[in-house]
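The primary structure of each chain is shown beneath.
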Amino acid sequence: MAVVLALLPWLGVGIYWNQEIVQTISLALLASGLSLSFGFAGELALGQVAIYAVGAYVSGYLALNVTPDVFVSLLAAVAAALVIGLISGYPGLRLGGWALAMTSFFLVLLVPDLVNIFQQYTNGPIGLVGIPPLTLFGVPLDANQYYLFAVVIGALWFVVFRNLVTSRHGKALLVLRRSPVLASSLGIGVRPLKLKAYALGAVPCGIAGVLTANLNHFVTPANPGPFTITTAIAVLAASVLGGSTSVYGTLAGAAVLQLGPLRLTSFNLYTDAVDGASLIVFGLLLSDGLSGVCTRLLARWARRRGGDGGGPVAEASRQPLTGTLSGATLEIDSVFKRFGGNAALSGVSLTAQPGKVTALIGPNGSGKTTLLNIVSGFYRLDQGRITLDGGSLSGRAPHRVAASGVARTFQTPSIPKGLTVAETVATGRYATTYTGMPTSVFRLPRHWRNERADRDAAARALAVTGISHLGGADAESQPLGIRRLIEVARLVAADPKLVLFDEIASGLDDAEVADLSEVVRELADAGGTVILVEHNFGLVLDVADEIYVLANGAVVASGPPAEIRSHPAVLREYLGVSAEALEAVPGKTTTEPSS
Amino acid sequence: MTTVLAGLSVGAVYALVALGYNIVYTGSGTLNFAHANLMMLGIFLAYWGLVQLNWMIIPVLVTAFAIVALAAVAEERIAIRPVRHIQGQLVTMVGAATLITGIIEIVWGQQALSVPAFFNNAPTHVLGGAVLPDDLVLIGLAVVLTAAIALVSRFTMVGLTALAVSEDRESAQLRGINVRRMQFGVFALSGAIAGVVGPFLGPLTFASYTLPSSLAVIGFVALALGGYGSFVATSAAAFAIGVVQQYISRYLGADYENLVIFAILVIVLMVVPNGLAGVRRERTV
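Residues numbered from 1 in each chain as written. Chains lettered and ligands numbered in written order. Predicted model: local features only at pLDDT ≥ 70, side-chain atom pairs only at ≥ 80, totals over all residues. Heavy atoms only, no water.

A. Helix H15 (residues 271–285) of chain A, seen in detail. For H15(A), which comprises 15 residues, the first-to-last C-alpha distance of 21 Å matches the rise-based estimate of 21 Å (1.5 Å per residue) to within 8%. Those residues of H15(A) lying buried are A:Thr271, A:Asp272, A:Ala273, A:Asp275, A:Gly276, A:Ser278, A:Leu279, A:Ile280, A:Phe282 and A:Gly283. (Helix = DSSP H or I, 4+ residues; strand = E, 2+ residues; numbered from the N terminus. Expected span 1.5 Å × (residues − 1). Buried < 20%, exposed > 50% of the residue type's maximum accessible area, 1.4 Å probe, protein only.)

The structure is reproduced here in structure tokens:
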């Protein structure tokens, strides 16, 4: 498509269309910047237009006063955009929702003021006029060559954008959008990733600034003009219309808005009304924009033709876990934690060994999940020490704990939107193998190597949990039992040293529980360290090597299952049944009444 | 003193925007991004009634009251009620705001229009400063409306119910509160107020389609400073912003007005995200 676009001028298409297409490319660049923050990081930052203006002014100023060289212009504009993106993105780390939307919206309103304040560079309200044509190796570009340049630059950015969002970094952003807690439990540093998304989102805006400044050879802050709220709204509309998590959708959205029938006939007067109405309509009707509509149509078409896209696939049976894990010893040494006046944990100590399943049981409110949250770094402990193979975990940020080989599940399964089951499982490996953003963007060999490793590990993990047949299905819309299995698979794929299971059996049927207990056992047999927080006493007796019983934030008993099942304190305080009653029905699952 | 009075007049405009935000926020937990645009619709209706149709003030007030309340209710029905998720609402509300502005542009064009003053245009002298009588009325209006709404929210059943909805929508529902009707009601109320104040705002602000975006953000600054849900603190913050703005404009230059306000906003949001008198955070992360 880019090639056809690039050749248009030589196919006899006039200067008017040149202009329109370059403007479409600019709009698409801006919309892709917005998509990175809104579609992927999940926060509405509307400051693209401010960065767009910065790019245009930098390029115009350089061309007028220093050199009209293409590369100097692009590099300087991108560098300036990155700086502004970082600075304006910084508040976005702490703000979310309306606060960020309003702050970034405000930034756009400041453009004319800033232009006036830096009058000596920007020439104030008049703007920069008579910008000389850009030169490539000293040769000025004529209109057609400039057009070609714009198409090439736009295409290059979209290749970069596509490579980024289809890589693990794009998926990490989707995870972040679902839940920062989930992201950090997978070893994704929330703040660095958000900041990277904002900074990267600024790059196409800077490029768009260069394209616009040199298209008409002037830059002006006037309203109506390119650097106003109207453009910010159009950018949002293009992104939402196209589908803000889609690469080609963004292009299509920009094309519809720039070249659409309404835009051409009645220029400025109807712009706002049309943009506003489209935002409402697209916001209501197309939850994932044009790209979503296309995907659904394609799926329906495939179903009608082959029938292999839709119908139920034969259920795969579970396969045993092969390979070994290098487990690490977790030592928890007299940990205290208070929430206000409520002592959640008072002096809990326990040791979990590699190759063993260590179960943690106790009534609701006894501190089991609090302990898990302290180990994974979500809560800070007040007193005590936690070490993994001698290295301290206490006080470490959750994503660093995860990066040191700790994987976990959640009581309520946390599954990101917009990923398939296999992709979701592969996100478990974010911290297992390292791929930098540049590696992904330029698709270096390492990217492909890790991508393959991730895919293979995900496939194995799906086989181990018995859901291989669902690999290509949408993960978020699966029923609870399957979502639990997906979480377990995600954790298996990570090749973890320490595994924390938080009530994985709740909501599962007997067959699923049986499968799951095998997975838990196999993880330990492979050499991993497994901690199992569970209410299902039968499951615990089945798989655990060592059981700790918590009550009111303290360990009341510990030992092997045989000992625990007849321990008087456990029977009295936790199970609330007499020893004879339990002996009478051997192996019967006893579940604590939930509160 | 003249500067202070000018600042208070501008602050009154911001206070009315923030009041609209707060009413809707209290009763539904959403931030009505389009409120400033609704107010601008009220101002244009005032121009339409007073200048184009040459009506008396009372029918103009009634018409603006009805039409803007209707617009607000339509916004709630079309752009807000069907959208559950905050990310969706961000988009549709920006859409609603832009659509209102777009309709204004189509009906009245893009030129700023002057809305006639109630009283003669001669400044009066108050507390040693000069001020237009219309501006004094505007300041009084903002103070009275804020006080009235604050009292209603604290001491009437409807007000307390609204507070309950903003605290926790679901448990309010479980208590038998009709959350939808409440949301509908607060949009209607905020729209009605936006319509009624139009003729009073017009002489100061003019009828201009570009104004709502800056009113919206500065109203939001007042809201962030005062804290979501606290009516009196928010209006006080709005008046303070108006005065600060006038002083910056006078001593640093008009170009720095918004820049300084922006800096204040960022600092406040970063340091005291609940606002200076805030009750609670908009959302917990």
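B. Representation of the pairing of strand S11 (residues 498–502) of chain A in the model. Residue and element names in this part refer to chain A. Burial runs high along S11: five of the five residues are buried. The side-chain alternation of S11 yields two buried faces, one formed by Leu498, Leu500 and Asp502 and the other by Val499 and Phe501. Of the strand pairs in this sheet, strand S10 (residues 406–408) and S11 are connected by three bridges, and their pairing is parallel. Each residue of the ladder has a partner; that of Arg408, found in S11, is Leu500. Regarding the hand of the β-α-β motif, the stretch spanning S11, helix H23 (residues 510–525) and strand S12 (residues 529–533) is right-handed. (Pairing = 2+ DSSP bridges. Right-handed = clockwise from strand over helix to strand, strands pointing away.)

C. The nonpolar core, seen in detail. Core analysis: the biggest nonpolar cluster contains 192 residues, and A:Phe106, A:Phe149, A:Leu236 and B:Phe220 have the highest contact counts within it. If sequence neighbours within four positions are ignored, B:Phe220 has contacts with A:Trp98, A:Ala99, A:Met102, B:Tyr21, B:Leu31, B:Tyr228 and B:Leu265. In this structure, A:Ala407, A:Val425, A:Leu485 and A:Leu541 belong to the second largest nonpolar core, which totals 48 residues. (Core = buried A, V, L, I, M, F, W, Y, C linked by side-chain atoms within 4.5 Å. Contact = heavy atoms within 4.5 Å.)

D. How the structure looks around the sheet that holds strand S7 (residues 357–361) of chain A. All names here are of chain A. Pairing within the open sheet is mixed, and its six strands lie in the order S10-S11-S12-S7-S13-S14. What marks the edges here is a single partner per strand, and that holds for S10 and strand S14 (554–559). Averaged over all neighbouring strand pairs, the angle between strand axes comes to 20 degrees, with direction disregarded. Note: S7 against strand S13 (residues 546–551), four bridges, orientation parallel. Its bridge partner being in S13, Ile361 is matched across the sheet by Val549. Most of the contacts of helix H17 (residues 368–375) go to S11, to which it runs at about 145 degrees, and overall it touches S7, S10, S11, S12 and S13. (Axes fitted to C-alpha atoms, helices over the stretch in contact; angles between N-to-C directions.)

E. Examining the side chain of A:Asp69 more closely. Structurally, A:Asp69 can be placed in the loop between helix H3 (48–65) and helix H4 (70–94). No salt bridge is formed by the buried A:Asp69; the nearest opposite charge belongs to A:Arg162, separated by 27 Å. (Lys, Arg positive; Asp, Glu negative; His and termini not counted. Salt bridge = Lys/Arg side-chain N within 4 Å of Asp/Glu carboxyl O.)

F. Region of the structure containing the interface of chain B and chain A. Taken residue by residue, the interface counts 48 residues in chain B and 43 residues in chain A. The three residues of chain B that bury the most area against chain A are B:Gln87, B:Leu90 and B:Met270, which together make up 16% of that side's buried surface. Summed over the shared surface of chain B and chain A, the number is zero salt bridges. Counting the contacts that link chain B with chain A gives two residue pairs in polar contact (both at pLDDT 80 or more). At the level of secondary structure, the elements contributing two or more residues to the side of chain B that touches chain A comprise helix H3 (57–80), helix H4 (86–108), helix H9 (211–226) and helix H11 (257–271) of chain B. (Buried area = accessible area lost by both parts, 1.4 Å probe. Polar contact = N/O pair within 3.5 Å; in protein donor to acceptor, adjacent residues only side chain to side chain.)

G. Spatial organisation of the pattern of salt bridges. Residue and element names in this part refer to chain A. Applying the stated criterion across every chain, the model contains nine salt bridges over all chains. One salt bridge in this structure joins Arg408 and Asp502, with 3.6 Å as the shortest N-O distance. With a gap of 94 residues between them, Arg408 in strand S10 and Asp502 in strand S11 connect regions that are remote in the sequence. For Asp502, a relative accessible area of 1% puts it in the buried group. A salt bridge links Arg429 to Asp495, with the shortest nitrogen-to-oxygen separation between them at 3.4 Å. Of this pair, Arg429 sits in the loop between helix H19 (421–426) and helix H20 (437–441) while Asp495 sits in the loop between helix H22 (480–493) and S11, placing them 66 residues apart in sequence. Salt bridges sharing partners connect three or more residues here, namely Arg168, Arg429, Asp454 and Asp495.

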